[in-house]
Amino acid sequence: MKFITRRLATYAFAAWIAITVNFFIPRFIPGNAAEAMMAKFPSLQPAALKAIEIEFGIGKQGSLFHQYTSYLVNIFHGNLGISTNFYPATVTSVLKQTLPWTLILVGTATVISFVLGTVLGILAAWRRGGKLDQLLPALTFLQAVPYFFLALIAVEIFAVHWHIFPIGQGFSLGFSPGWNWPFIQSAIYHSILPAITLIVTSMAGWMLQMRNVMITTIGEDYVLAAQAKGLSSRRVVWTYAARNAILPNIAGFAISLGFVVAGALVMEFVFSYPGVGYTLYNAVTSDDYPLMQGIFLVISMTVLVANLLADVVYLIADPRTRRGSES
Amino acid sequence: MSTSVIPITAVPPVGKSRRKFSSYPLKARIGAIIVGVFVLLAIFGPYLAPFDPSATKNTQAYPVGPNWTHLLGTTAIGGDVLSQMLVGIRATVFVGLTAGVIATFLSVLVGVSSGFLGGASDEGLSLLTNAVLVLPALPLLVVILGYLPQASNLVTAFVLSVLGWPWGARVIRAQTLSLRRRDFVAAARETGESTWRIIVSEIIPNEVSLIAASFVGTVLYAILTSVALTFLGLGDLSNWSLGSMLYWSQNGNAITLGAWWWYLPPGLAVAFLGMGLVLLNFGLDELGNPRLRDATGQHKIAGHVWRPADPTPVVRDSDLVKRGLFTRGFAALRQGVRPVRSSVAKGDDVETTIKGNADG
């Protein structure tokens, strides 16, 4: 339990940092959403600035402390303000539309690449110097290529040149999002290429880490002892060596969950995918500050919750943490 | 061939004598060469550039492929791609190294103090480290750079390092915790050395490989992230860098136009630089953990393929076993001394072969 309370304190602190950074950045930097709005609609009278500030709740009224507390109260009520770009839609409603796209696509891709990479890493370590192990240089290269570059080339080859997959977007024009089969079909079709690029690039990291830890674990005496007992290879690999070697990978998975919502940003940009990352990018380029802040807040909170869940999994996987020793 | 008693150590002998470059793991050597070439290009590249990278031709409306004047072709408005590369590598390497230096300094500062001081300061610093670690870095960078009206390379590097230190700090803290309990630290404390001196001359020298690995890792992260951010249009677009080249090529529809000479060179340059750093890091890993070393060289002993998990190998046709030498050689192998690549011939003295290799 000490482990969980410790982690909870960490996440609470991280959440506080995220919220506070979110609060202070716009106040340190000149210009605000109201001014961006004024610039966007030149027909507005200068007097309208005050009205817009009040409307968006971004004016600098009251002391800094007062602003900070009312900001906190607003967040806890799920009130993230109004998007200037999608006016009059609220930030919350914009997020409700975009979040599922990212969670489903990137979430699935992350889980697939984690499972595939880990299993392949185990096999590569066990059959050391084998065919799988000889793929390592290629994997090293994949790990070092900028993701967007690979994605761009994939788009060029598979979408522009061979017309196997669509160039981008989440679904074809003419479909309305909803729970109907033609739409889902179109959405799946559009998600295959982004998913493959995500899996291919992130799998390499899992595989390399798993292989390296596994090689160290295989050298341990208890693995040798298990073999000497005459246990089958399969049992030794999976329940003796891999069972222990997987722990760093699980811990890494927790951290990589941050990329489920975050790292997808570049992918969504390349594929013009209607998820959170692309929306954040659009918000940044069009100075939609309320939306930017709202998305960042939601991303941070999602990542923190996901990390907490991953901690629980780690707790189940590694009995040592349950005894309260520092991990 | 003399038979001397071999001191079996897991760590390669370190001393004043300089190790030969060829004795480092192959991966580390390849990585060091690639990174070295890029550093040289970063220093001298701008002087080698045949054209002004920003020069344009008004008459041109489409990218021209590689030819003898422009070895890597031109952009849509006539800029020389090779010159842009030679000039641009400097900015990319600069961002990577600057962020790497600042972030590594922060990791060492936080990691060592947290691990060595313990108690309340450890609790506080660990809390900070873990909290920054779970913050999603890329969106935060996007938001921060989105607010800044014009993000120069220095600002980008600074923001990257502020978010890039916690991973290294965690690893260094763990190592410091274990070093703190060792005898030589206790001895130093008994002789009345100050905390500051113990940290600087006892703890940190023992963490050099870890600090180096963390530095290389941070440089890689900084380069990949800064290139991605610049590609998104959030970095410094007024200067040439590999990221801004990719941004302008994307902006000029290089891919749709089929102008591969415009977007492939900067992308591949980043990939090679990244690969060099990854290899360098693997090499550093192998220095610290000999079990990871190249399988082809490691698992062949006395001509037998030795799988890491195989039970003690049995060599039937050799008198080595009778002399008890083979098992000792095996033990050396298990402890990480690298055996010779070629198989040991009958009658060869296993001990000297292994020793010679461990020193070399």
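Procedures and definitions
- Residues numbered from 1 in each chain as written.
- Chains lettered and ligands numbered in written order.
- Predicted model: local features only at pLDDT ≥ 70, side-chain atom pairs only at ≥ 80, totals over all residues.
- Heavy atoms only, no water.
- Helix = DSSP H or I, 4+ residues; strand = E, 2+ residues; numbered from the N terminus.
- Buried < 20%, exposed > 50% of the residue type's maximum accessible area, 1.4 Å probe, protein only.
- Contact = heavy atoms within 4.5 Å.
- Areas by Shrake-Rupley, 256 points an atom, 1.4 Å probe, with all protein chains shown as cover.
- Axes fitted to C-alpha atoms, helices over the stretch in contact; angles between N-to-C directions.
- Parallel < 35°, antiparallel > 145°, perpendicular 65-115°, else oblique.
- Left-handed = near helix turned anticlockwise from the far one by under 90°.
- Nonpolar A, V, L, I, M, F, W, Y, C, P; charged D, E, K, R; others polar.
- Polar contact = N/O pair within 3.5 Å; in protein donor to acceptor, adjacent residues only side chain to side chain.
- Salt bridge = Lys/Arg side-chain N within 4 Å of Asp/Glu carboxyl O.
- Core = buried A, V, L, I, M, F, W, Y, C linked by side-chain atoms within 4.5 Å.
- Phe/Tyr/Trp six-rings, centres within 6.5 Å; stacked < 30°, edge-to-face > 60°.
- Domains from an automatic or database assignment.
- Buried area = accessible area lost by both parts, 1.4 Å probe.

> Can you walk me through the overall build of chain A in this structure?
When helices and strands are tallied, chain A shows 14 helices and zero strands. From first element to last, N terminus to C terminus, chain A shows the α and β order α-α-α-α-α-α-α-α-α-α-α-α-α-α. Burial statistics for chain A: of 327 residues in total, 50% are counted as buried.

> Please clarify how the overall build of chain B should be interpreted in this entry.
The number of helices and strands found in chain B is 15 helices and two strands. Taking all 360 residues of chain B together, the buried fraction comes to 49%. Contacts in chain B between residues at least 24 apart in sequence constitute 69% of all its contacts with a sequence separation of at least 6. Counting only carbon and sulfur atoms, one obtains 63% of the accessible surface of chain B, whose full area is about 16900 Å².

> Any chance you could explain the packing of helix α3 (residues 119–134) of chain B against helix α6 (residues 166–180) of chain B here in plain terms?
Pairs of packed helices are described in terms of their axes, by the angle between the two and the distance that separates them. All names here are of chain B. Relative orientation of the contacting elements α3 and α6 amounts to 140°, with a least axis distance of 9 Å. When the axes of α3 and α6 are compared, the pair comes out oblique. Along this stretch, α3 crosses α6, giving a crossing that reads as left-handed. Residues Asp122, Ser126, Thr129, Asn130, Val132 and Leu133 of α3 lie in contact with α6, whose contacting residues are Pro166, Trp167, Ala169, Arg170 and Arg173. Of the residues assigned to the contact of α3 with α6, the class counts are five nonpolar, three polar and three charged.

> Would you take a moment to explain the environment of Ser214(B) for this structure?
Residues and elements named next belong to chain B. Residue position: Ser214 is located in helix α9 (residues 208–231). Overall, Ser214 belongs to the buried group, its relative accessible area being 13%. Note: C-alpha distance between Ser214 and Ile172 (42 residues apart in sequence) is 8.8 Å. Filtering out sequence-adjacent residues up to four positions away, Ser214 remains in contact with Thr104, Ser107 and Gly168.

> I would appreciate a short explanation of the interface of chain B and chain A in the present structure.
Often, the extent of an interface is quoted as the loss of accessible area upon association of its parts. Each side of the interface is counted separately: chain B has 56 residues, and chain A has 59 residues. Between chain B and chain A we count one residue pair in polar contact (both at pLDDT 80 or more) in total. Looking at the side of chain B that touches chain A, the elements that each hand over two or more residues are α3, α4 (137–147), α6, α9, α10 (242–251), α12 (260–288) and α13 (295–298) of chain B. When residues of the side of chain B that touches chain A are assigned to their parent elements, the largest contribution, twelve residues, is made by α12(B). Here the side of chain B that touches chain A is built from residues that sort into 39 nonpolar, eight polar and nine charged.

> Help me out: how do you make sense of the pattern of salt bridges in this one?
Charged atoms that come close allow side chains of opposite charge to pair. Residue and element names in this part refer to chain B. Scanning the model with the defined rule gives two salt bridges over all chains in all. The residue Asp122 makes a salt bridge to Arg173 at a minimum N-O spacing of 2.8 Å. Taken together, the residues Asp122 in helix α3 and Arg173 in helix α6 connect sequence positions 51 residues apart. Each member of the pair Asp122 and Arg173 is classed as buried.

> What should I look at first to understand the side chain of Thr10(A) in this one?
Residue position: Thr10(A) is located in helix α1 (residues 2–28). Judged by relative accessible area, which is 3%, Thr10(A) ranks as buried.

> When you look at helix α12 (residues 276–285) of chain A in this model, what are you seeing that I'm missing?
Helical geometry note: an α-helix holds 3.6 residues per turn, so side chains three or four residues apart project in the same direction. Counting buried positions over the ten residues of α12(A) gives seven, a clear majority of the element. Of all the residues in α12(A), the buried ones are Val276(A), Gly277(A), Thr279(A), Leu280(A), Tyr281(A), Ala283(A) and Val284(A).

> When you look at the nonpolar core in this model, what are you seeing that I'm missing?
Counting 121 residues, the largest nonpolar core has Phe148(A), Met267(A), Val270(A), Phe271(A), Leu280(A) and Met292(A) as the members making the most contacts within it. Setting aside residues no more than four positions away along its own chain, Met292(A) makes contact with Leu280(A), Ala283(A), Val284(A), Val143(B), Gly146(B) and Tyr147(B). Of all hydrophobic cores here, the second largest spans 14 residues; its members include Ile122(A), Met214(A), Val223(A) and Val237(A).

> Would you mind showing me how to read the packing of aromatic side chains here?
How two aromatic rings sit relative to each other is given by the distance of their centres and the angle of their planes. Residue and element names in this part refer to chain A. Applying the stated rule across the entire model yields eleven aromatic pairs over all chains. On the basis of an interplanar angle of 15° and a centroid distance of 6.0 Å, the ring pair of Phe13 and Trp16 is categorised as stacked. With Phe13 and Trp16 both in helix α1 and three residues apart, this pair spans about one turn of that helix. You can call Trp16 partly exposed: its relative accessible area is 47%. Consider the rings of Trp206 and Phe253, whose centres lie 6.2 Å apart with planes at 55°: the pair is tilted.

> It is not clear to me how the domain arrangement of chain A should be interpreted in this structure. Could you clarify?
Residues and elements named next belong to chain A. With domains assigned, chain A is organised as domain 1 (2–76) and domain 2 (96–326). Contacts between the two partners involve 20 residues from domain 1 and, on the opposite side, 18 residues from domain 2. Per-residue buried area on domain 1 facing domain 2 is highest for Phe3, Tyr11 and Asn22; these three make up 37% of the total on that side. Linking domain 1 with domain 2 are zero salt bridges, by the criterion used here.

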